[in-house]
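Architecture at a glance
The lines below spell out each chain.
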Amino acid sequence: MQFYHRQVTLMLLTGALPGREAVRLLLDHEPQRSGEGEVETALRLLARVIPAYPRAFDLVLADALYAEAPFFNFLLAHGKHALVVLKDERRNLYQDATGLFEHVAPQPGSYRSRQCHWWDFPDLLTWPQVRPRCAWCVPWRLIRFVGNSTSRTILNKVTGSG
């Protein structure tokens, strides 16, 4: 018989000086309750951590599992940014993104001395379930990077002018 501990962990990753590793600090964790989804657990953790450490972080980096409207709405309501890899082909947002890539030529570039192509679509409004809570919020930005054997699509919520 095997037993697994299921939990969501929130870590702070700091910037690193050239040639040095980034510092990783465990900020908090939340056990996943029986029958509860991971995103629900993460929201409970963030609801506790953000008031306790309101300025500890600005960006939440999450797996594709977190590309759900309630998760983004929660972060928007608390003035946080999100960066999520978009993988699930069944999601409407993924299908919208695929349609954009088919009609716009990529930009050539290089990353770590490898040739690549990328697409950048700022100011998207194709996810009506996600609601910015302020007039100055920039909607959604979708970035796709394809290099050698790597293809990643990233959904990025940005606020402000940058």
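What comes next is a walk through the structure. Just so you know, these numbers come straight off a predicted model, no measurement behind them. (Residues numbered from 1 in each chain as written. Predicted model: local features only at pLDDT ≥ 70, side-chain atom pairs only at ≥ 80, totals over all residues. Heavy atoms only, no water.)

**What to know about the packing of aromatic side chains**
The criterion, for reference: Stacked, edge-to-face and tilted are the three classes for Phe, Tyr and Trp ring pairs, Trp counted by its six-membered ring, which pair at centre distances within 6.5 Å; planes under 30 degrees apart are stacked, over 60 edge-to-face, the rest tilted. In this description a helix means any DSSP run of H or I spanning at least four residues, a strand means any run of E spanning at least two, and both kinds are numbered starting from the N terminus. Think of it in three bands: with a 1.4 Å probe and only protein chains considered, a residue is buried below 20% of the maximum accessible area for its type, exposed above 50%, and partly exposed in between. The rule for a charge over a ring is simple: NZ of Lys or CZ of Arg within 6 Å of the ring centre, and within 35 degrees of the ring normal.
Tallied over the full model, the rule gives 4 aromatic pairs. Pairing Phe-101 with Trp-119 gives two aromatic rings, centres 5.4 Å apart and planes at 50°, and the pair type is tilted. In this pair, Phe-101 sits in helix α3 (residues 92-103) while Trp-119 sits in strand β6 (residues 114-124), placing the two residues 18 residues apart along the sequence. The pair formed by Phe-101 and Trp-119 is uniform in burial state, with each residue classed as buried. Site record: aromatic cluster; members linked through ring pairs are Tyr-66, Phe-71 and Phe-72. Positioned over the ring face of Trp-119 is Arg-144, at 5.0 Å from the centre of the ring.

**Observations concerning the side chain of Glu-36**
Here is the rule: Definition of a polar contact: a pair of N or O atoms within 3.5 Å, with one able to donate and the other able to accept a hydrogen when the atoms are protein atoms, and with sequence-neighbouring residues admitted only if both atoms are side-chain atoms. Whether two residues touch is decided by their heavy atoms; if any such pair falls within 4.5 Å, the residues are in contact.
Tracing the chain through its elements places Glu-36 in the loop between β2 (24-31) and α1 (38-52). At 2.7 Å, the side chain of Glu-36 and the side chain of Thr-41 are in polar contact. Excluding anything up to four places from it in sequence, Glu-36 contacts Pro-31, Thr-41 and Arg-44.

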